[in-house]
Structures are given as C-alpha cells and as structure tokens.
Amino acid sequence: MNQDRVESLAQFHPFTRLNKLLEGVLPGGGNTPLLLSLGEPQFQPPAFAIEAIANAKDAWSKYPPTAGTEAFRVAAKAWLGRRYHLEDKLIDADRMILPVSGTREALFHVALSAVSRGLPNGKGRVLMGNPFYHTYAGAAVVAGGEPAFLPAGPETGFLPDPDAVPAELLREAALVYLCSPANPQGAVADREFWRRWLALARSHDFVIAADECYAEIYSDAAPVGALEAAQESGSCDNLLVFHSLSKRSSAPGMRSGFVAGDARHVARIAQLINYGGVAVPLPVLAASTALWSDEAHVAVNRARYQASFDLADKHLGPIFGAVRPAGGFFLWLDVGDGEAAASALWREAAIKVLPGGYMGRPDASGNNPGAAFIRVALVYEPALLDGALARMAGVLGPIIQARRAAGRTAAAGRR
Ligand SMILES: Cc1ncc(COP(=O)(O)O)c(C=O)c1O
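Only a predicted model underlies this, so the values are computations on that prediction, with no experimental measurement involved.

Visitor: Now, about the overall build of the protein chain: what can you tell me, with residues and values included?
Guide: The helix and strand inventory of the protein chain stands at 16 helices and twelve strands. Here the C-alpha radius of gyration of the protein chain, 22 Å, is about what a compact globule of 415 residues would show, namely 22 Å. Counting only C-alpha atoms and orienting by the principal axes, one finds that the protein chain spans roughly 65 × 50 × 40 Å. With 415 residues in all, the protein chain has 49% of them scored as buried. Taking all contacts inside the protein chain whose residues are at least 6 apart in sequence as the whole, residues at least 24 apart take part in 76%.

Visitor: Report on the domain arrangement of the protein chain, specifying residues and quantitative values.
Guide: Assigned domains of the protein chain: these are domain 1 (3-43 + 297-409) and domain 2 (47-293). Between domain 1 and domain 2, the C-alpha centre-to-centre distance is 26 Å. The partner domain 2 presents 30 residues to the 33 residues of domain 1 that form the contact. Within the residue set of the side of domain 1 that touches domain 2, elements represented by two or more residues are α1 (3-12), α14 (296-320) and β9 (330-334). Of the residues forming the side of domain 1 that touches domain 2, the biggest block, seven residues, is contributed by α14.

Visitor: Mind laying out the site of the ligand, listing which residues take part and the relevant values?
Guide: Around the ligand, a shell composed of 14 residues is seen, among which Gly102, Thr103, Arg104, Ser244 and Ser246 lie nearest. With three residues, the top contributor of residues to the shell around the ligand is helix α6 (residues 103-114). By residue class, the composition of the shell around the ligand is five nonpolar, seven polar and two charged.

Visitor: Give me the lowdown on the sheet that holds strand β4 (residues 146-151), citing residues and values where you can.
Guide: Think of a sheet as strands paired side by side through backbone hydrogen bonds, with each pair either parallel or antiparallel. Strand order in the open sheet made by the seven strands is β2-β8-β7-β6-β5-β3-β4, with mixed pairing throughout. Only two strands of the sheet have a single partner each, and these edge strands are β2 (97-100) and β4. With strand direction ignored, the average angle separating the axes of adjacent strands in the sheet is 25°. Sheet analysis places strand β3 (residues 125-130) next to β4, joined by six bridges and oriented parallel. Pairing of Asn130 across the sheet is with Pro151, part of β4.

Visitor: Give me the lowdown on the sheet that holds strand β12 (residues 373-377), citing residues and values where you can.
Guide: The sheet built from three strands is open, its strands ordered β9-β12-β11 with antiparallel pairing. In this open sheet, the two strands that pair with only one neighbour each are β9 and β11 (354-355). In this sheet, β12 lies alongside β9 in antiparallel orientation, the contact comprising five bridges. The residue of β12 that forms the bridge with Phe330 is Ala377.

Visitor: Just give me the short version of the nonpolar core, but keep the residues and values in it.
Guide: Within the largest apolar cluster, 129 residues are counted, with the highest numbers of intra-cluster contacts made by Leu175, Val176 and Ile208. It is helix α13 (residues 282-292) that contributes the most residues to this core, eight residues altogether. Each of domain 1 (3-43 + 297-409) and domain 2 (47-293) gives at least three residues to this core. Other than its neighbours up to four places away in sequence, Leu175 contacts Val110, Ala111, Ala114, Val115, Val126, Phe206, Val207 and Ala209.

Visitor: Give a detailed account of helix α7 (residues 134-142), specifying residues and quantitative values.
Guide: Within α7, eight of the nine residues are buried, leaving the element largely enclosed by the surrounding structure. Among all positions in α7, only His134, Thr135, Tyr136, Ala137, Gly138, Ala139, Ala140 and Val141 are buried.

Visitor: Could you give an account of the pairing of strand β7 (residues 239-244), naming the residues involved and the relevant values?
Guide: Of all six residues in β7, six are buried; the element is thus mostly enclosed. Bridge analysis of strand β6 (residues 207-211) against β7 gives four bridges, and the strand direction is parallel. Among the inter-strand pairings, Ala209 is bridged to a residue of β7, identified as Leu240. In this fold, the crossover linking β6 to β7 by way of helix α10 (residues 226-233) has right-handed handedness. Summarising the sheet, β7 and strand β8 (residues 257-261) pair through five bridges and their orientation is antiparallel. Residue pairing in the sheet places Phe242 in a bridge with Val259 of β8.

Visitor: I'd like to hear about unusual backbone geometry, residue by residue, with values.
Guide: Of note, the amide linkage connecting Ser180 to Pro181 takes the cis form, showing an omega dihedral of -15°. If you trace the backbone, Pro181 turns up in the loop between β5 (173-179) and α9 (191-204). That bond from Asn183 to Pro184 is cis: its omega, 15°, falls within 30 degrees of zero. Unusually for a residue other than glycine, His85 sits at a positive phi of about 55°. Residue placement: His85 occurs in the loop between α4 (70-84) and α5 (93-96). Even without being a glycine, Asp205 presents a positive backbone phi close to 50°.

Thresholds applied
- Residues numbered from 1 in each chain as written.
- Predicted model: local features only at pLDDT ≥ 70, side-chain atom pairs only at ≥ 80, totals over all residues.
- Helix = DSSP H or I, 4+ residues; strand = E, 2+ residues; numbered from the N terminus.
- Rg over C-alpha atoms; globule rule 2.2 N^0.38 Å.
- Buried ≥ 20, exposed ≤ 12 C-beta atoms within 10 Å, placed from the backbone.
- Contact = placed C-beta atoms within 7 Å.
- Domains from an automatic or database assignment.
- Near = placed C-beta within 6 Å.
- Nonpolar A, V, L, I, M, F, W, Y, C, P; charged D, E, K, R; others polar.
- Pairing = 2+ DSSP bridges.
- Axes fitted to C-alpha atoms, helices over the stretch in contact; angles between N-to-C directions.
- Core = buried A, V, L, I, M, F, W, Y, C linked by C-beta atoms within 7 Å.
- Right-handed = clockwise from strand over helix to strand, strands pointing away.

Written as structure tokens, this is what we have:
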C-alpha cells in the first residue's frame, strides 16, 4: 500500500482520532470513567450459546469450511424468512448465504471484491452516506477505489437520497454501502428507499452492501429490509445484506455474522476468505445456529435498549427534545461543536463519547455534516446509564443554553 493510502486510513479511523483528542485530558468529576464511545454491548449473550460452544468442543481440532455448516445456513435462511416475510424460493441457502467472522470483515471484503478499477471497464467509486461507519471508507481505499460521500444529514432524512446521486458517480460506481438502521444517525430506511436504490444498482450495474446489523434494535415497527424490496423484483441480483450477532445477541466477541444475497458476489467473498480471511470456527457456528433460531433473548435485549432510551428522554429530552432514534442504540445529538462537547464530557463527567465529525468527511464546501454532533452508545445496563445520563445533562445543558443565547444575540444583532 502506498503512503497516501496509509495516511488516508488514519484520517478515517474515528477511535484513533478520539484517543488523540483526549490525550492528556484526565477523566473528571470524581466519577468512574464510562465508555459510551464504542458500540460494544456490555451484556452477556444467552447461556445456551456458551453451552453450544462447549458442547461442540471436539470441533476445535478441525479447520472450519468457509461455507460453514448446512445447519447454520438453514438457520440463517429461516431467520431471514421470518424477519422479512420472504418466500422460500428467494434464497438458495447453499449459494446465497455465507457465514462471516463479523460483518466488519465482510464489509471490508466486499470492497475488495467489487472494486475493479484498473481492469477493462473497471469501476472504482465506492458510495456511502456522510457520516458513515468507518470501515466503508477504509475498505474502499485499501481496495484501490475511491470513496464518494453522499449527503446523509437532516436534509435527506439522515440517509443518502438515491434520486440525488450525480450521474458521473453512478457511471463509475462499483459499490454503495447503505446502513439501516443507520450508524450513527439512527435513521431507518423504508421500502421505497430500497426499491429505488435497487433499481439504480441494476441499471448501473453496481453492488449494494446493505448493512443491517442493527436490524433487531428498534423503537416501533421492525425496520423493513433490503431483501423485502428484492423479493418484489423476484431476485437478489446486485444486493448483499449483512447481519450480525454482535448487536442482536450482544456477542461482539464471538465474531459471527453472515452475508446473504446475489450468489455471484457471495462466491467472490467466499473466495477472498479462502485466501486471506477467517472462516467461522465450528463451535462458534454451532452457537450462532442456536442464536439465529431464538427470538426470546432478542426481545429482552430490545426491551433493555428501550428502557435506556426512556432514560435518555427523561434526562436529555428537556435539553434537546426527544432523542430516541428510530433504530440502533446510538444517540445522535446536535451539540454545536462535537469535539468541544466530547472533551467537556470526559473532563467534567468522565464520560467518553465520539465526536460526530470523526464519522464524517468535509463536503465540497468544507462542511463536515457530523461536526456539530456527538454519538453516544447506550450499551450498558439502564441502571448504570441513569446516573451517567444525568451527568451528561449536567455538562450539556449549559453548553446548549449558551449556544441558544449566542444564537439569540446574533439574531438580535441582525435585526
Ligand atoms: C454500522 C456497522 N456495521 C458493521 C459493524 C460491525 O459489526 P460486527 O463486525 O461486530 O458484526 C458495526 C459495528 O459496530 C457497525 O456499527
């Protein structure tokens, strides 16, 4: 990799930037530090998953096949069918489902597989909303492609608008990452969004990587999935969906997810794993099979996140208005200056959050659409979050008040 690419990777990595921002700043207020910066659920996966790993202990002596086990593929297909109301014929479990060691890794591999710049008729643009999950941009750069950032702020409902993509980008698009529920914004795509993106992908022959790893964490109705739009068209061409047990089952350490969709692209990702990826170990596949087959623990998880959002509304609602996202477990708060607020929260309340600008890139006019925000991951027990959210309100309340007062003064000055 050349030096430019190495440097642009450093630009995209939000946690490297956060460590730098808080270097030398002591966590204050006499509080135990709490990390709400990382989307890592702090709950235990259900006991039956751990038992399934123990029961499959003989399989640690075997190399796992990249395609996983039939039992896993059948369970993943059955879950997709239940969750998204799919007809049996849409997905051939053997050719169209692939277990992966975490969706982050698979989201990285899909760029290596899709970007074909340098080949005859090759395409190298990798589209994504702005702000975005950092792996998308890092993968695009490593694959030799070029990330292209589409507005995904309040003006587009916090998701990239398929009708506003410049023609030149569409011509050169190899891949688009679409995330719903969106990290960091918490927006949820509707069926029409997926229909329109699918139509674009097919007419311009690029791949959609639909990152739906927060699909099971939502406030009201279960978010519609990209596969539901694919079913209407009768095929999964140009579409891959990514699902994970990290959020659904609070098992980020298991490194277990799957990719489903267009068989040509599933085969290409499998080939990359064969050479330089990590196939999911057989005991982990056994536990994953059990987890995808169970809904009870997921409902408990979802209820816990809703209890946390109730607390967020109680403490932060008086400052920001309703803060509950449609999906996912992040608060996305407009604080005016995300870096300043993140520093203040660490210095005064020992709470670490992520400045939203670290998940965004400046647009053509130099404006980073995440810069005014902080992202707060509500990944602890509600009882612990209650006090933390109260402390956050204590720090953010005066910041927001001062901002409003400054706004009023500026408006009065213009009159
Ligand atoms: C939007 C998004 N996609 C993918 C991932 C990766 O999840 P995992 O690799 O644990 O499946 C994350 C993790 O935080 C995420 O926020």
